[in-house]
Amino acid sequence: MNANNLLSVEDVVVDLPTPRGNLRAVDHVDLTVGAGRTLGIVGESGCGKTMLSRAILQLLPKKAKLSGRVIFDGQDLLQLPPEKLRKLRGRSLAVVFQDPMTSLNPVLTIGTQLIETLQEHLELDDAAAARRSVELLAAVGIPAPEQRLAQYPHQLSGGMRQRVAIAIALSCEPKLLIADEPTTALDVTIQAQILDLLAREQRRRHMAMIIITHDLGVVAGRTDEVAVMYAGRVVERAPTPALFKKMRMPYTEALLAALPKLDAAPHTPLPAISGRPPDPTRPLKGCSFSPRCRYAVARCQNEKPALEAAETKAHQFACFHPIEARADANA
Amino acid sequence: MMPQSAPSISSDALLEVDNLVVEYPVGSRIVHAVSGVSLQIARGETLGLVGESGCGKSTLGRAVLQLRRPTAGRVLFDGHDLTTMQGDALRLMRRRVQLIFQDPIASLNPRRKIGDIVAEPLVIAGVKDPEKRKQLVHEVLSAVGLDPTLVVGRLPHEFSGGQCQRICIARALILNPEFIVCDEPVSALDVSIRAQILNLLEEMKARFGLTLLFIAHDLAVVKAVSDRVAVMYLGRLCEVGPSEQLFARPAHPYTALLIEAIPMPDPDVRPAETVPVGEPPSPIAPPSGCRFRTRCPRADQRCSDEMPELRAVAPGQFVACHHPLI
Ligand SMILES: Nc1ncnc2c1ncn2[C@@H]1O[C@H](COP(=O)(O)OP(=O)(O)OP(=O)(O)O)[C@@H](O)[C@H]1O
Ligand SMILES: Nc1ncnc2c1ncn2[C@@H]1O[C@H](COP(=O)(O)OP(=O)(O)OP(=O)(O)O)[C@@H](O)[C@H]1O
Ligand code: SF4
Ligand code: SF4
Ligand SMILES: [Mg+2]
Ligand SMILES: [Mg+2]
């Protein structure tokens, strides 16, 4: 592990008991995030993005079984007593969920929620906390912030609520912010504004950030590194420019190809990925992507490819038949 | 309400919406959800309808199908005015038009088997022979890429969002409609499944000769399937034009804003810090003049005083703006 890493996720496994049997939601994941850096985690619905972020935050469902190590700021979070963990969350480790109502309390005013969070973690008197709350609301682009303090979440639009959730997450100057699909429920114009806001605050505060999304378009211009997840595993990981320049894993390529292209003529069929991910309670013996992979070979069905480095150490992928090797073979 | 002029694009319009107004009373106030919208859809055409949440897209779609009776205006379907139609005449006409919803799982009755859900429109339409119904259900399920023998006896919760949307599409197709309003059919689906469903809709459109009104808030998705695109803002149309032309040369500042906001999967395109344009005002008290003026960088006095009407700026392209970009 690199000493400069703020967060290091090592061999994390999350198992969930279900009526159909054990469901491995996160399957031996390793990740790191440096101080002030931005990591994008991309993958389709059900691939384990939220379970991974909940594992980092230690906010898993009660019945979940977690193994591995989560080192944050020099401490192993799995070994931390609950009280210390609670202090850490909300202070140096913050989160924004897809649905802002997950983090907002519907029966408390915006002001109460902000002031409570501030006073729980920082030593501020009422007047100072109120002042700070107004500054935070203004910083996240909420017009007339003084008036907002007295409003309830339901009196705000979805975009405004997400801004408030971000203000609360940022209130104690966290070192790491995890944003789990922060804009999926929002309109495109509001999405762009919220992503800009997160990027601006991230730079200004020199905060590290994990952005979780199913849209490669969201991470392209806004992250330092991207990890692509499939069926609970990280299947490709690279610095963002390197990834987009040269995707190695067929799933990443397929995910990008499936996005509608603005320069394509209307009615151009989209290269869809056929089928669906495997049932997570019935893991496959070989590569999880093999039933949908147009490049699958016999070995793919029988053996699991490990996440390995390509020519540069920073670019890793899990595939027996990565994209460029194939091009060479065909040449 | 001043009418927005009706640019006629084709004499072969299957659907013609003329100065449609839909208002919802809320207490003593009125939500101006759709305020004088006119558009045509030619037979075999897909018209995309985009705009932000709350701008009135679903209201427009539902009013077209008379699921919500409009406050004013006309809806001509194949020459017949649906707004004045009642009883059996309306019921018969309704077979020719269908609706597909955004939330595929919520729009399926959780306690009914898929076979019954898909057959329901047949029952309502009076197809009495169960063998005939079964045969039609099998045909349409196969058409949308599902294995009838595996799905008819199962319940909606046993299916993923993408599969539920296939089932909804099957249900919409079973009466052989001519026209379908697709209300955000892929918004709840993630990227890979979205592409499958978009392709399926295109295939079905070609195979059954459908005409579509395709509603979405994602311009990139709309462009992928639409011949023409209509951009809506706070109950009014801003711009209508052929898809490619509209993307290459948007005339309305709001269209330009929507295009800019599309996340591009290219790390070299550093997203331009968007202008902090805020959010749409309330449709209970829409701004005077141009409804977009409170967020528009080009707004001036005239924009508060005078409501812009749709007018041609290029062949087939119409804009409602006093200071268009082209
Ligand atoms: N409370 C739970 N109990 C059992 N299984 C769960 C629970 N929550 C999630 N799962 C399962 O765990 C797997 C991973 O889910 P997760 O929510 O992490 O996916 P995700 O990548 O965040 O998807 P999305 O994009 O839809 O948010 C899925 O198969 C999901 O069905
Ligand atoms: N039954 C109703 N009663 C009162 N107001 C309504 C009703 N249905 C919709 N509205 C309001 O009418 C306006 C238009 O709503 P509509 O659902 O048509 O928008 P939309 O463009 O489909 O939005 P979305 O993208 O969120 O689906 C909104 O302000 C909405 O709050
Ligand atoms: S290992 Fe085989 S099946 Fe898996 S992605 Fe690579 S080529 Fe495809
Ligand atoms: S009419 Fe005025 S306010 Fe409206 S879009 Fe045009 S320039 Fe902007
Ligand atoms: Mg999730
Ligand atoms: Mg709607």
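Residues numbered from 1 in each chain as written. Chains lettered and ligands numbered in written order. Predicted model: local features only at pLDDT ≥ 70, side-chain atom pairs only at ≥ 80, totals over all residues. Heavy atoms only, no water.

- Chain B is annotated in an unreviewed UniProt entry as Peptide ABC transporter ATP-binding protein from Bradyrhizobium retamae.
- According to UniProt, the comment filed for chain B under the heading Sequence similarities (unreviewed entry) is "Belongs to the ABC transporter superfamily."
- What UniProt states about chain B under its Function (unreviewed entry) heading is, verbatim, "Involved in beta-(1-->2)glucan export. Transmembrane domains (TMD) form a pore in the inner membrane and the ATP-binding domain (NBD) is responsible for energy generation." (UniProt positions renumbered as here; feature names shortened; annotations may be inferred.)

## Section: the overall build of chain B
At step 1: Helix and strand counts for chain B come out as eleven helices and twelve strands.
At step 2: The C-alpha atoms of chain B give a radius of gyration of 20 Å, which matches the 20 Å a tight globule of 326 residues would have.
At step 3: With respect to the three principal axes, the spread of C-alpha positions in chain B is 65 × 50 × 40 Å.
At step 4: Here chain B holds 326 residues, and the buried ones make up 56% of them.
At step 5: Restricting to contacts in chain B with at least 6 residues of sequence separation, those with at least 24 account for 66%. (Helix = DSSP H or I, 4+ residues; strand = E, 2+ residues; numbered from the N terminus. Rg over C-alpha atoms; globule rule 2.2 N^0.38 Å. Buried < 20%, exposed > 50% of the residue type's maximum accessible area, 1.4 Å probe, protein only. Contact = heavy atoms within 4.5 Å.)

## Points about the domain arrangement of chain A
Interface extent is often summarised as the accessible area lost during association of the parts.
Residues and elements named next belong to chain A.
At step 1: Each assigned domain of chain A is listed with its residue range as follows: domain 1 (5–223) and domain 2 (250–317).
At step 2: Between the C-alpha centres of domain 1 and domain 2 there is a distance of 28 Å.
At step 3: Contacts between the two partners involve twelve residues from domain 1 and, on the opposite side, eleven residues from domain 2.
At step 4: When the buried area of domain 1 at its contact with domain 2 is split by residue, R20, E44 and L216 rank highest and sum to 59% of it.
At step 5: For R20, the salt bridge goes to D279, with nearest N and O atoms at 2.4 Å.
At step 6: Applying the counting rule to domain 1 against domain 2 returns four residue pairs in polar contact (both at pLDDT 80 or more).
At step 7: The set of elements that each furnish at least two residues to the side of domain 1 that touches domain 2 consists of β2 (21–34) and α8 (216–220).
At step 8: When residues of the side of domain 1 that touches domain 2 are assigned to their parent elements, the largest contribution, four residues, is made by β2. (Domains from an automatic or database assignment. Buried area = accessible area lost by both parts, 1.4 Å probe. Salt bridge = Lys/Arg side-chain N within 4 Å of Asp/Glu carboxyl O. Polar contact = N/O pair within 3.5 Å; in protein donor to acceptor, adjacent residues only side chain to side chain.)

## Focus: empty space enclosed by the protein
All names here are of chain B.
At step 1: Taken as a whole and judged by the stated rule, the model has five cavities of 30 Å³ or more.
At step 2: Taken as a whole, the largest cavity encloses approximately 110 Å³ of empty space.
At step 3: Surrounding the largest cavity, 13 residues form its lining, R236, L237, C290, R291 and P308 being those nearest its centre.
At step 4: Ranked by residues supplied to the lining of the largest cavity, first place goes to strand β10 (residues 236–242) with three residues.
At step 5: Classifying every residue of the lining of the largest cavity gives eight nonpolar, three polar and two charged. (1 Å grid on protein atoms, 1.4 Å probe; cavity = no way out; pocket = protein on both sides within 12 Å on 5 of 7 lines; lining within 4 Å. Points joined across faces, edges and corners; volume = space filled by probe spheres on them. Nonpolar A, V, L, I, M, F, W, Y, C, P; charged D, E, K, R; others polar.)

## Considering the domain arrangement of chain B
Residue and element names in this part refer to chain B.
At step 1: You can read the domains of chain B as domain 1 (1–96 + 178–274 + 309–326) and domain 2 (108–176).
At step 2: Taking the mean C-alpha position of each, domain 1 and domain 2 sit 28 Å from one another.
At step 3: Remark: the boundary between domain 1 and domain 2 carries zero salt bridges.
At step 4: Seen at the junction of domain 1 and domain 2, the total is three residue pairs in polar contact (both at pLDDT 80 or more).

## Comments concerning the UniProt feature "domain: ABC transporter" (unreviewed entry) in chain B
At step 1: Per the UniProt record, "domain: ABC transporter" (unreviewed entry) is annotated on residues 15–259 of chain B.
At step 2: Helix makes up 39% of residues 15–259 of chain B and strand 27%, whereas the separation of the span's terminal C-alpha atoms amounts to 27 Å.

## Examining the pairing of strand β9 (residues 225–230) of chain A
Residue and element names in this part refer to chain A.
At step 1: Within β9, six of the six residues are buried, which leaves it mostly tucked inside the rest of the structure.
At step 2: Of the pairings in the sheet, the one linking strand β3 (residues 38–42) to β9 comprises four bridges and is parallel in character. Residue pairing for β9: V42 is matched across the bridge by V228.
At step 3: Count of turn residues in the β9/strand β10 (residues 233–239) antiparallel hairpin: two residues, of which A231 carries a positive phi of about 45 degrees. (Pairing = 2+ DSSP bridges.)

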